[in-house]
Every structure is written in C-alpha cells, then in structure tokens.
Amino acid sequence: MTTAVPNAVRYTEPILGWYAEHARDLPWRAPDATPWGILVSEVMLQQTPVARVLPIWRRWMERWPTPAALAAEPSGEAVRAWGRLGYPRRALRLHACAVAITERHGGQVPSSYEALRELPGIGAYTAAAVASFAYRQRHAVLDTNVRRVLARLIGGVEYPPRSQTAAEVALAESLLPHDAPTAARWSVAIMELGALVCTARNPRCVDCPVLAECAWQRAGRPAYDGPPRRGQAYAGTDRQCRGRLLAVLREADGPVEKAALDVVWSDPIQRERALDGLIADGLVDPLEDGRYALPS
DNA sequence: AACACGTGGGA
DNA sequence: TTCCCAAGTGT
C-alpha cells in the first residue's frame, strides 16, 4: 500500500525550497557555465572535495575553455594542470574525453546519457549528472550524497550499503519529478542537501527541510551497525609511491633522469613496480634516452 | 565482486 | 595523531 501523500509534497517541495535558499553559488552552476565546464567539474569532483577543485577548475577552464582547446595539447599538459587533485588518471581520461568529443561529436559535449556514458572516465553517475545539470534532463543522479540522504530519509539507517544496489536506483528513479527541468533541479538539490546538511559525520539535522519526514530521525537516529565501512591504508602503498613519482615529473619543466625518480622512494622493488604501473597507465612516458617525461 | 587508484583537511 | 572521507570509474 503506497502512501496517499504524493512524494512531491513530502520530499520534493521542501528540498527544492531549501535548495533555492541555501545552494552554494559554485562557478559550474552559474548561468553561463558550459556543458564542457560542467563535465570538467564532475570529473574533478569525483572523490574530491569542492574546495580543492575550485582553483584547479578555474585555471583549467581559462586555459581550455572548449574540448577542442584541450584536445590540441599533449595529454601530459592535462596531467600537469591536474596538480595535486589526486587520481591523475582522471586527467588523462578528461583529455581523452576532449579528443573524443572533438572527433566524434563535432566539439560539442553530447547530451544523451548513452553517448556520455561511452566517453572515457564517464560512468553511470557522471553521465547522469552531465545530462541533468548541463542539459536539464531527467535522470536518477545517484552519488554518495544522494545515497546517504535516501538511506536516512527513506531507509531509516545511518549509511547506505557499501556498494550501490538496484533498489537504490529504483528508489531514486521513483522520487524523480515528472517534469525534466524540475527533475534536474531536484537532483542537484538532494545532492546539495547531502553535502551541506545530511553529512556523513555530524549531520545538521536541525537545518534539514525534511526532518519531519526522516525515517532515521523517527527511529531515533540509530548508529550504523554493519561491517566496517572503510580502511584504506595509504602510507607505504604503491599508490603513495606512484604519487611521489608523478609529482617529480609534474614539477619538472621537462624530462627527468631516472635518478631524480629514485630519490623519492627507497624500496627499489616497489619503486620499479609503481613506475611500470604509471607507464602502463599512460601517465609516464619512458624516453629513448633513458629519461622519463609526462606523456605527449 | 572486490580492488586499485591520490590527496589533504577536519574531527 | 590517527582515522575518516570527499559529486566514482575501470578492471
């Protein structure tokens, strides 16, 4: 038996109203933001806080305002401009996106979910986000923020399951307003609610527009009881080693000697493995003369 | 379906 | 200081 009260009244309207008043004015949300700018922001924001993305995004858009502008440069320039945002393979894939958009889509970021999904580095979330935010379409946009809001608001638990389920997708789709532009606004609104109010730690429930509807609140905000949610060691890992190695190349003006890489990581076995990994990923180019460079 | 993949800031 | 985690994707 479904409720007689339409979801639009219970969730949509309060959250849209809250968003209208409390949304951050981020540059990729400005009226003059382009689909390319929005796509770039979405890739940069993957697993990365807004505060760190902001300056890099501004510099990036100033330098490469169109996909064609980026496509015209070596991929290594994208890796260099990526700076310390993390997960530098994203920079490589963004460059590959620019090439694909230039070659296959006449330089215009495609608007269909399917075409977006085929671009390198664009998965289910990012394709839905770009289609929604750049083209005002109606898609379930299910990121970590939205999953957490739905887990609490509807599921009555503190955190969503570790990996995304079909039930979550179905739920997100069932909540989508029928009208496409409204659905797009709803998607960004519920995401923003998760980012600003319904946060992972210390949620600001007092500021929540749907506190009265919240199943987690109603249940007395029980603490998460499932298996440990995290545990990613970093110190001493290949990831850290790769980061050190790539930082050397990023900060160098041109190719570097092998010795310049050797000094940043003491364990030669791990160092070589990490370097081979970077080369395999296309993030590092081994030159004929024995030196190493960012890819061209 | 797990696991690899960077980085830095807040609690 | 240590731990958690921030608009995921590809294999």
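Residues numbered from 1 in each chain as written. Chains lettered and ligands numbered in written order. Predicted model: local features only at pLDDT ≥ 70, side-chain atom pairs only at ≥ 80, totals over all residues. Heavy atoms only, no water.

Engineer: Sorry if this is basic, but what is going on with the packing of aromatic side chains here?
Structural biologist: Tallied over the full model, the rule gives 4 aromatic pairs. Grouped by ring-pair contacts, the aromatic residues W60, W64 and W82 constitute a single cluster. The ring centre of W216 lies 4.8 Å from the NZ or CZ of R152, which sits over that ring. (Phe/Tyr/Trp six-rings, centres within 6.5 Å; stacked < 30°, edge-to-face > 60°. Lys NZ or Arg CZ within 6 Å of the ring centre and 35° of its normal.)

Engineer: Mind showing me how you'd approach the protein's contact with DNA strand B here?
Structural biologist: As a matter of local geometry, DNA strand B sits amid 17 residues, with R52, R84, Y87, P88 and R242 nearest to it. Near the protein, meaning within 4 Å, the atoms of DNA strand B are sugar or phosphate in a fraction of 60%, with bases accounting for the rest. Q47 is positioned with one of its backbone polar atoms (N or O) 3.3 Å from a base nitrogen of DNA strand B. Separating a phosphate oxygen of DNA strand B from a backbone N or O atom of P88 is a distance of 3.3 Å. Here the surface near DNA strand B takes 5 residues from helix α13 (residues 238–251), the largest share from any one element. (Near = heavy atom within 4 Å. Polar contact = N/O pair within 3.5 Å; in protein donor to acceptor, adjacent residues only side chain to side chain. Helix = DSSP H or I, 4+ residues; strand = E, 2+ residues; numbered from the N terminus.)

Engineer: Please clarify how unusual backbone geometry should be interpreted in this entry.
Structural biologist: What you tend to see is this: most non-glycine residues have negative phi, and most peptide bonds are trans. Located in the positive-phi region is Y87, a residue other than glycine, with phi close to 45 degrees. Among the residues examined, Y87 registers a relative accessible area of 41% and is labelled partly exposed. (Buried < 20%, exposed > 50% of the residue type's maximum accessible area, 1.4 Å probe, protein only.)

Engineer: Just checking my understanding: could you explain the protein's contact with DNA strand C for this structure?
Structural biologist: E42, G121, T126, N145 and R229 are the nearest of the 31 residues found near DNA strand C. The sugar and phosphate moieties of DNA strand C supply 63% of its atoms located within 4 Å of the protein. Contact between DNA strand C and R24: a base nitrogen at 3.5 Å from a side-chain N or O atom of the residue. For DNA strand C, a sugar or linking oxygen lies 3.4 Å from a polar atom in the side chain of R201. Secondary-structure elements contributing two or more residues to the surface near DNA strand C are α2 (35–45), α8 (124–133), α9 (144–153) and α11 (180–196). For the surface near DNA strand C, the per-class residue count stands at 13 nonpolar, 8 polar and 10 charged. (Nonpolar A, V, L, I, M, F, W, Y, C, P; charged D, E, K, R; others polar.)

Engineer: Looking at this structure, how should I read the UniProt feature "domain: HhH-GPD" (unreviewed entry) in chain A?
Structural biologist: In this structure's numbering, the residues bearing the UniProt feature "domain: HhH-GPD" (unreviewed entry) are residues 44–196. The annotated region residues 44–196 carries 63% helix and 0% strand content, and the separation between its end C-alpha atoms amounts to 19 Å. (UniProt positions renumbered as here; feature names shortened; annotations may be inferred.)

Engineer: I would appreciate a short explanation of the pattern of salt bridges in the present structure.
Structural biologist: Side-chain pairs of opposite charge can arise where the charged atoms are in close proximity. As enumerated under the stated definition, the model contains 17 salt bridges in all. Close ionic contact of E213 with R10 constitutes a salt bridge, the shortest N to O distance being 3.4 Å. Residue E213 is located in the loop between α11 and α12 (215–218), and its partner R10 is located in helix α1 (residues 7–22); the two are separated by 203 residues in the primary sequence. In this structure, E168 and R147 form a salt bridge, with 2.8 Å as the shortest nitrogen-oxygen distance. With E168 in helix α10 (residues 166–175) and R147 in helix α9, this pair connects stretches of sequence that are 21 residues apart. Judged by relative accessible area, which is 11%, E168 ranks as buried. Three or more residues joined by partner-sharing salt bridges are found here, namely R63, E73, E77 and R80. (Salt bridge = Lys/Arg side-chain N within 4 Å of Asp/Glu carboxyl O.)

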